Amino acid sequence: MSARIVLLGPPGAGKGTQAARLAETLGVEAISTGDIFRANIKGETELGKLAQDYTSRGELVPDSVTNAMVRDKLASKISGDPSELGFILDGYPRNVAQVEELDAILADLGVSLDGALEITADNDVVTERLLKRAEIEGRADDTEPVIRHRLSVYAEQTAPISAVYSERGALVEVDGIGEVDEVTARLVDALESLEK
Ligand code: AMP
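In this numbering scheme, every chain counts its residues from 1 along its sequence in written order. Only residues with pLDDT of at least 70 are given local features in this predicted model, and only at 80 or more are side-chain atom pairs given and counted; all residues enter the totals for whole chains, interfaces and linings. In computing side-chain properties, one takes all heavy atoms of the structure into account and sets aside hydrogens as well as water.

A. Representation of the overall build of the protein in the model. Secondary structure follows DSSP: runs of H or I at least 4 residues long count as helices, runs of E at least 2 residues long count as strands, and numbering of each begins at the N terminus. If you tally the helices and strands in the protein, you get nine helices and five strands. In the protein, the succession of helices and strands from N to C terminus is β-α-β-α-α-α-β-α-β-α-α-α-β-α. What the globule rule says is 2.2 Å times the number of residues to the power 0.38, and the radius of gyration is computed from C-alpha atoms. Its C-alpha atoms give the protein a radius of gyration of 16 Å, within 12% of the compact-globule value 16 Å for 196 residues. Residues counted as buried form 45% of the 196 residues belonging to the protein. Residue contacts are counted whenever heavy atoms from the two residues lie within 4.5 Å of one another. Excluding contacts between residues fewer than 6 apart, the proportion of contacts in the protein whose partners are at least 24 apart in sequence is 74%. Carbon and sulfur atoms make up 49% of the accessible area of the protein, which totals about 9,800 Å². Under the counting rule used here, the positive set is Lys and Arg, the negative set is Asp and Glu, and His together with the chain ends is not counted. In this description, the location of a charge corresponds to atom NZ of lysine, CZ of arginine, CG of aspartate or CD of glutamate. Computed over 20 positive and 36 negative side-chain charges, the separation of the two mean positions in the protein equals 3 Å. Summary of the burial criterion: residues with accessible area below 20% of their type's maximum are buried, those above 50% are exposed, and those between are partly exposed, where the area comes from a 1.4 Å probe applied to protein chains only. Surface accessibility in these figures is a Shrake-Rupley result with a 1.4 Å probe; residues are shielded only by whichever protein chains are displayed.

What follows is the structure in C-alpha cells.
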C-alpha cells in the first residue's frame, strides 16, 4: 500500500513546498502539473507549445491536454503491483471534470485515491506571497494582473472541487498560515485522519 493524495489550495498557499516535503515523508513522488508544463515550455516540446498561451495568461490548459498528460504520467509509474503506486498530486485536479477524470484514470489503473488535503490561506495573504515570489523567481505568470486572474480562476473553477471530496468524506483542511515546518506538521497529522 502506498499513499495517493491530492493536495488542494489556492496559488500561493505553499502547495509546491509542502508537496515536496510530504512526498519525502511518505516516500512517494510529488507530481506538479504546473512544473511539468513549465519544463515542457522551457524544452519547447509540442506539449509546451500547446500549454504556453494558457499558462502565460493564467488560464487553465484545456482538459484534453492536461488529462492525457496526467494519465500518461501515472500509467508510466506502474511497474508491477498497482497497489504500490504512490503520489502527491499538486495542481491537479483543478476543476470538477478533472476530479472525474482522475477517478477514471485511477479506476483504470486498479487503484483508488486516499483523499485530498486542502491548504487554506486567505486571498490577501496569497496575493502578497505571490507578488513577493514574483520578485524572487521571475515566473512568467507571476505578474500582478495574471496573479489576480489565476486567483479568480481558482475561485471559480478549482475551489468547488473541495465540496466534491468533502461529500465523499475524503477531505481534510489544513491552515496554511504559519511557519513552513508548522504547516508540514499539520499536514502529516491530517494524513492520519484521512487514513481513518
Ligand atoms: P501552478 O504551478 O500549479 O500554479 O500551475 C501553473 C499554470 O499551469 C496554471 O496557471 C495553468 O495554466 C497550468 N496548469 C497547471 N495545472 C493545471 C491543471 N490541472 N489544469 C489546467 N491547467 C493547469
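Now that the structure has been shown, we can carry on.
B. How the structure looks around helix 9 (residues 180-195). Expected helix span is computed as 1.5 Å times (number of residues minus one). With 16 residues, helix 9 should reach 22 Å at 1.5 Å per residue; the first-to-last C-alpha distance of 23 Å fits that figure. Looking only at helix 9, the buried set comprises Val183, Thr184, Leu187, Ala190, Leu191 and Leu194. Taken around the axis of helix 9, the buried residues stretch over an arc of 120 degrees, which confines them to a single face. Within helix 9, the exposed residues directed more than 90 degrees away from the buried face are Asp181 and Asp189. The arc in question is formed by the directions pointing from the helix axis toward the C-beta atoms.

C. Quick look at the site of the ligand. Near the ligand lie 16 residues; those nearest to it are Thr33, Arg38, Glu59, Gly91 and Arg94. Polar contacts here mean pairs of N or O atoms no more than 3.5 Å apart (in protein, one a potential hydrogen donor and the other a potential acceptor; neighbouring residues in sequence count only if both atoms are side-chain atoms). Measuring from a nitrogen atom of the ligand, one finds a side-chain N or O atom of threonine 33 at 2.7 Å. Separating a nitrogen atom of the ligand from a backbone N or O atom of valine 61 is a distance of 3.0 Å. Relative to its free-state accessible area of 480 Å², the ligand is covered by the protein chains to the extent of 95%. Each residue gets one label: Ala, Val, Leu, Ile, Met, Phe, Trp, Tyr, Cys and Pro are nonpolar, Asp, Glu, Lys and Arg are charged, and the others, such as Gly, are polar. Here the residues of the shell around the ligand are counted per class, giving four nonpolar, six polar and six charged. Here a residue is near a molecule or strand as soon as one of its heavy atoms is found within 4 Å of it.

D. Just the pattern of salt bridges, in detail. Salt bridges are defined as contacts in which a side-chain nitrogen from Lys or Arg sits within 4 Å of a carboxyl oxygen from Asp or Glu. In this structure the tally under the stated criterion is 14 salt bridges. One salt bridge in this structure joins aspartate 142 and arginine 133, with 3.0 Å as the shortest N-O distance. Between glutamate 182 and arginine 186 there is a salt bridge whose closest N-O contact spans 3.4 Å. One end of the pair, glutamate 182, and the other, arginine 186, are both in helix 9, four residues apart, so they sit about a helical turn from each other. Owing to a relative accessible area of 39%, glutamate 182 belongs among the partly exposed residues under this scheme. Salt bridges here are not isolated pairs; linked through shared partners, they connect Arg133, Arg139, Asp141, Asp142 and Arg150.

E. Spatial organisation of the side chain of threonine 66. The topology assignment puts threonine 66 in helix 4 (residues 63-76). For threonine 66, a relative accessible area of 4% corresponds to the buried category.

F. Expanded view of the packing of helix 2 (residues 33-42) against helix 4. Taken N-terminus to C-terminus, the directions of helix 2 and helix 4 make an angle of 100 degrees; their axes are 11 Å apart at the nearest point. Viewed along their axes, helix 2 and helix 4 adopt a mutual orientation that is roughly perpendicular. Where helix 2 abuts helix 4, its residues Thr33, Ile36 and Phe37 lie against Val65, Thr66, Met69 and Val70. Broken down by class, the residue content of the contact of helix 2 with helix 4 amounts to five nonpolar, two polar and no charged. Only C-alpha atoms enter the line fits that serve as axes; for helices the fit covers just the stretch in contact. Angles between N-to-C directions range over 0 to 180 degrees. Relative orientations are named as follows: roughly parallel for angles under 35 degrees, roughly antiparallel for angles over 145 degrees, roughly perpendicular for angles from 65 to 115 degrees, and oblique for any other angle.

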